[in-house]
Amino acid sequence: MLFSHISDLHLGLIQYGLKERENDIYNSFKQSIDISIKDHVDFVIFSGDIFHTPNTTGTAMIHLANELRLLKNNNIESFFILGEHDISRIRSTPIPFVYNNLGFSRYIGNGKPIYYKDIMLTGFDKIRKNEMSYYEKKFNEVNLIASRYSGHKILVMHQAINEINKFSGELNSTDLPNNFTYYAMGHLHDRYIKKWNHLHGPISYPGSIELTSSEGVKNTKKGFCEVDASKKEVEVNWIKLDTRPQMSFSVSYDELSTSIHEIVKKINNYYLKPIVELKITGKKIENDVIQKHISEIFKCALLCFWKIMENHEDYGATIYNDKPVSVDEELLKLAIKSTNEEIAKFAINELLPLLSINNLEEAQILISENYTKFKSNNDTSNRIK
C-alpha cells in the first residue's frame, strides 16, 4: 500500500505579480501528480491550502480539476481537508467542495472516519487556536475509534505543532489523538518529519510544493511525501520537485563588480531563470551605482531584488537572519515585543494574510468576531493591575 501526501499547494498564487510564478506552482503540482501516477500510488492526500485564496481564479480551478481527473483516470482516489487559505469567513461553500460533489476527490475534514483499502482516514479542517477546546472531545472520539482498528490509521490536519514551531504553533504534539500510525500535516511550509514516543506514528510535514511570498527568497528544496503503508510501521520517502531556483547572496558594496560577475556565472547554468536577492553591506552606498552593476543579473534572472543592510543593534540580525522560518514569523517576533502574544498572533497569522490579498470584507468580519474577546481580555488585565 503506497500513498502520496501533498500539502500547501497554494494554486492561484501569482507571486510578485508574475505569470511565470503562477505557472511554477501549477508545474510543481503537475510533477507531484505525474510522479504519484508513475509510482502507482493507491491514493493521494491533500492536507490543506489547496488554493491560495478562497475566491480563487478559474485558471487555478481548472488546473486542479485536470490533475484530479488524471488521478481518477488512473484509478487513484484522493482525499482532502481545508486549510485557512481555502476557508472563507463569509458564509459560503468552499470551492474544493465542488470536486467532492463531482466525485473527483473526497472531503475528509469533518472528523468522521472513512475506510479505503484497509486504511482508516479522517481529518480536521484548519482549527483556530481559540477553537481548540471545542475539538478536544472530537479528538477523544476519533482516538477511541482508531484504537479499535487494527490497520493503519491516518489523521490529516492543517495545524502547526508548538514543539516544531513555537511562533506558529497552535497545539502540542501531546494534544493530538495518539492512536494514529501516520499524521499527514499541513500549514508549515518547510519539510519536517519526526516520530515521538507518545504517538504511534510519525508527524509528517512535506512542506509547500513551491516557495510562497511568506518564505522570502532562499535556496531550498520543495517536494512531497510518498508513504509505504505495507508494513506495521509506515516508511516515509520525501520526493524533491524540480522548482525554479531562488538564491540570496550577501555582497560587499566595495566588491560589487567582482561579486556580481561571479553570481552571473553561477546563475547562467540554470535552464529556469532564477530569482535572486542581493544583501549589500558597506558605507556611502549609492543606489545608482548598484543599479548599474546589477543590470547584468537582470539578463539571466527572472527577478532580482536588492536591499542595503544596515548594522542595527535591535533589528538587523533578526530581520535578516540567515535562515528565518518565514517572513511572517519574523514579523510576529517584532509584534510580540510591542504588544501581547495573543494579539500579535491574531494580527500576523490571521489578519495580515487577508489584508495582503486586499480581502477587506473578510478582514472586517474577522476583526468584528475578535473585538469583544480582546476588549474583554484587556479590561480584565487592567482590573488586575
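Preceding this paragraph is the structure being described.
This one's a predicted model, so the numbers in the text were calculated from it and none came from an experiment.

Rules behind the numbers
- Residues numbered from 1 in each chain as written.
- Predicted model: local features only at pLDDT ≥ 70, side-chain atom pairs only at ≥ 80, totals over all residues.
- Heavy atoms only, no water.
- Core = buried A, V, L, I, M, F, W, Y, C linked by side-chain atoms within 4.5 Å.
- Buried < 20%, exposed > 50% of the residue type's maximum accessible area, 1.4 Å probe, protein only.
- Helix = DSSP H or I, 4+ residues; strand = E, 2+ residues; numbered from the N terminus.
- Contact = heavy atoms within 4.5 Å.
- Salt bridge = Lys/Arg side-chain N within 4 Å of Asp/Glu carboxyl O.
- Axes fitted to C-alpha atoms, helices over the stretch in contact; angles between N-to-C directions.
- Parallel < 35°, antiparallel > 145°, perpendicular 65-115°, else oblique.
- Left-handed = near helix turned anticlockwise from the far one by under 90°.
- Nonpolar A, V, L, I, M, F, W, Y, C, P; charged D, E, K, R; others polar.

**A few points about the nonpolar core**
Working step 1: If you look at the biggest cluster of nonpolar residues, it comprises 31 residues, and the most contacted ones within it are Leu11 and Phe46.
Working step 2: Sort the elements by how many residues they give to this core and helix α1 (residues 19–38) lands first, with six residues.
Working step 3: With residues up to four places along the chain from it excluded, the contact list for Leu11 reads Ile25, Tyr26, Phe29, Ile50, Phe51, His52, Thr56, Ala60 and Leu64.

**Focus on the environment of Pro113**
Working step 1: Counting through the fold element by element, Pro113 comes out in the loop between β4 (106–107) and β5 (114–116).
Working step 2: Residue Pro113 is classed as partly exposed on the basis of its relative accessible area, which comes to 23%.
Working step 3: A sequence separation of 29 residues divides Pro113 from Val142, and the C-alpha atoms of the two residues are 7.5 Å apart.
Working step 4: Look past the residues within four positions of Pro113 in its chain and what remains in contact with it is Met120, Leu121, Thr122, Val142 and Ile145.

**A word on the pattern of salt bridges**
Working step 1: Taken as a whole and assessed by the stated rule, the structure comprises 16 salt bridges.
Working step 2: Across the pair Arg128 and Glu131 runs a salt bridge whose closest N-O atoms are separated by 4.0 Å.
Working step 3: Accessibility expressed as a relative area gives 21% for Arg128, which makes it partly exposed.
Working step 4: With a shortest N-O distance of 3.5 Å, Lys218 and Asp190 are connected by a salt bridge. Of this pair, Lys218 sits in the loop between β10 (203–205) and β11 (223–228) while Asp190 is found in the loop between β8 (182–186) and β9 (192–194), placing the two residues 28 residues apart along the sequence.
Working step 5: Using a relative accessible area of 14% as the deciding quantity, one classes Lys218 as buried.
Working step 6: Note on Asp190: relative accessible area 25%, which makes it partly exposed.

**Description of the packing of helix α5 (residues 256–267) against helix α6 (residues 287–298)**
Working step 1: In contact at an axis separation of 8 Å, α5 and α6 are set at 15° when each is read in the N-to-C sense. Of the possible angle classes, the one that applies to α5 and α6 is roughly parallel. Crossing handedness for the pair α5 and α6: right-handed. Residues Leu256, Ser257, Ile260, Ile263, Val264 and Ile267 of α5 pack against Ile290, His293, Ile294, Glu296 and Ile297 of α6.
Working step 2: When its residues are assigned to classes, the contact of α5 with α6 shows eight nonpolar, two polar and one charged.

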